[in-house]
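Next come the chains, spelled out residue by residue.
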Amino acid sequence: MKNKIFIVFVALVVLLVLLLAVFSCMNRGPEMQQRMTSIDPQPAAAPFTPAVSDTVPDLHFCKTINGRETGRAVGAKGKFWTNGQTLKIGFIGGSAAQRKYVTDAFAEWAKYVNLNFTFPASGPYDCRVAFDPSSGSWSYVGTDCRTIAQKSPTMNIGWAGNDVALHEIGHFLGLLHEHQNPTSAPCWNREAVIRDLSGPPNNWSVAMIESNVLNPALAGNVITTPLDPISIMMYSIPGAWTCDGKGFPGGKLLSGVDKTFIAARYPKPAPPPAETVTISKADAAALLSVLQNNAAAADTAVVRFKKLTGQ
Ligand SMILES: [Zn+2]
């Protein structure tokens, strides 16, 4: 009798444990489902994905340093590097993550230019990238970097973002600000631009605002296309800054024009033409017949083919 009571008691305990387990799973089901669906699928064909760009405040503007504003793409004449050359990139400080989004950005530009970017352990360097958060984001333009002492940076990434790195590297390659395209610069609300950029976070002087935003590049000093509102070299322009209230989205990735423009400045060598030989139609038919119908005679056919073509 005692054994039966004990068996029944054990059975009830097991049943209770099972019920609790099932109840627990029912409660956790929706949570697990939510977790599963919260993982965004990766876009299959995304060529380059900004990782941390959303941390950039809207009104942070890059400034070019001593950049002689020399147009949809605006390239500074005389400041492009020599096509085909190797450019050495060095870092002044920076975390592994910061260095990675800069190297990733160089790799993105490298797809379209005939330049070789290397990251040697020691200098001299053509481009020296610092990450001083108090200095804003800026870069010297193209070969102007040669005029800077090796111990000093030629580029500063003042806030996180692959798009910022892409933009500053555009300057390093010789590109200027797209919003200063002399062919079709925005119609500025000068007072609003000066009011906003003279205050935090930029705190720029009027001269700095004019040289980096308001003054278009001198048409004779630049190579341009029509204004490209999504160029990586075009910053996000609020509507309050233009005379017609029309803003510009700015670029987060290299636009199609960015790619073709820079590829034209640093053209990759054309692939060698495919080797072709000309033989008579009758000989071609005979050769094809042998190759298709008699594999054992293929070697003989190849010898004959070589004789026909003089190879
Ligand atoms: Zn810039």
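On a predicted model such as this, the values are computed, not experimentally measured, just so you know. (Residues numbered from 1 in each chain as written. Predicted model: local features only at pLDDT ≥ 70, side-chain atom pairs only at ≥ 80, totals over all residues.)

Right, let's get into the overall build of the protein chain. The helix and strand inventory of the protein chain stands at eight helices and eight strands. In the protein chain, which comprises 311 residues, the share counted as buried stands at 32%. (Helix = DSSP H or I, 4+ residues; strand = E, 2+ residues; numbered from the N terminus. Buried ≥ 20, exposed ≤ 12 C-beta atoms within 10 Å, placed from the backbone.)

Bringing the nonpolar core into the picture now. Counting residues in each nonpolar core, the largest one holds 47 residues, and the members touching the most others are Ala-105, Trp-109, Ala-165 and Ile-169. Secondary-structure elements contributing two or more residues to this core are α2 (96-110), β5 (127-130), α3 (162-172), α4 (190-197), α5 (206-214) and α6 (256-265). With residues up to four places along the chain from it excluded, the contact list for Ala-105 reads Asn-162, Ala-165, Leu-166 and Ile-169. (Core = buried A, V, L, I, M, F, W, Y, C linked by C-beta atoms within 7 Å. Contact = placed C-beta atoms within 7 Å.)

This next bit is on the packing of α2 against α3. As a packed pair, α2 and α3 sit with axes 9 Å apart at the nearest point and diverge in direction by 55°. Our classification of the angle between α2 and α3 gives oblique. Between α2 and α3 the crossing geometry is right-handed. Note on element contacts: α3 touches α2 through Asn-162, Ala-165, Leu-166 and Ile-169, opposite Tyr-101, Val-102, Asp-104, Ala-105, Phe-106, Glu-108 and Trp-109. Of the residues contributing to the contact of α2 with α3, the split by class is eight nonpolar, one polar and two charged. (Axes fitted to C-alpha atoms, helices over the stretch in contact; angles between N-to-C directions. Parallel < 35°, antiparallel > 145°, perpendicular 65-115°, else oblique. Left-handed = near helix turned anticlockwise from the far one by under 90°. Nonpolar A, V, L, I, M, F, W, Y, C, P; charged D, E, K, R; others polar.)

As judged from the three bridges shared by strand β3 (residues 86-92) and strand β4 (residues 116-118), these two strands associate in the parallel manner. In the sheet register, Leu-87 faces β4, and the bridge partner there is Phe-117. Between the parallel pair β3 and β4, the chain is carried across by α2, and the sense of this crossover is right-handed. When β3 meets β5, the two strands line up parallel, connected through four bridges. When the bridges of β5 are listed, Ile-92 appears paired with Ala-130. (Pairing = 2+ DSSP bridges. Right-handed = clockwise from strand over helix to strand, strands pointing away.)

Where α4 meets α5, the axes come as close as 10 Å, and the angle between the chain directions of the two elements is 120°. On the basis of the axis angle, α4 is oblique to α5. Of the two elements, α4 crosses α5, and the hand of that crossing is right-handed. From α4, Arg-190, Val-193, Ile-194 and Leu-197 reach across to α5, where they touch Val-206, Ile-209, Val-213 and Leu-214. Its residues assigned to classes, the contact of α4 with α5 comprises seven nonpolar, no polar and one charged.

Inspection of the sheet shows β5 paired to strand β7 (residues 155-156) by two bridges, in the parallel sense. Bridge assignment links Val-129 to a residue of β7, and that residue is Met-155.

Mean pLDDT over the protein chain works out to 76, with 70% of the residues at or above the 70 mark. Between the elements of the protein chain, mean pLDDT differs from a low of 40, seen in helix α1 (residues 2-38), to a high of 98, seen in β4. A low-confidence stretch, residues 65-72 stays under pLDDT 50, and its non-local contacts, those more than four residues away or across chains, total 38 contacts. (pLDDT = per-residue confidence, 0-100.)

It is worth spelling out the environment of Pro-133 at this point. Along the chain, Pro-133 turns up in the loop between β5 and β6 (138-139). With 27 residues separating them in the primary sequence, Pro-133 and Ala-160 have C-alpha atoms 9.1 Å apart. When neighbours within four sequence positions are excluded, Pro-133 is seen to be in contact with Gly-158 and Trp-159.

A few words now on unusual backbone geometry. The step from Gly-123 to Pro-124 runs through a cis peptide bond, and the omega angle for that step is 5°. Here Pro-124 shows up in the loop between β4 and β5.

Now for the environment of Gln-180. For Gln-180, the location among the structural elements is in the loop between α3 and α4. For the pair Gln-180 and Leu-214, spaced 34 residues apart in sequence, the C-alpha separation works out to 7.2 Å.

Turning our eyes to something else, we now look at the environment of Gly-84. You can see Gly-84 is positioned in the loop between β2 (74-76) and β3. Residue class for Gly-84 comes out partly exposed when judged on the 13 C-beta atoms lying within 10 Å of it.

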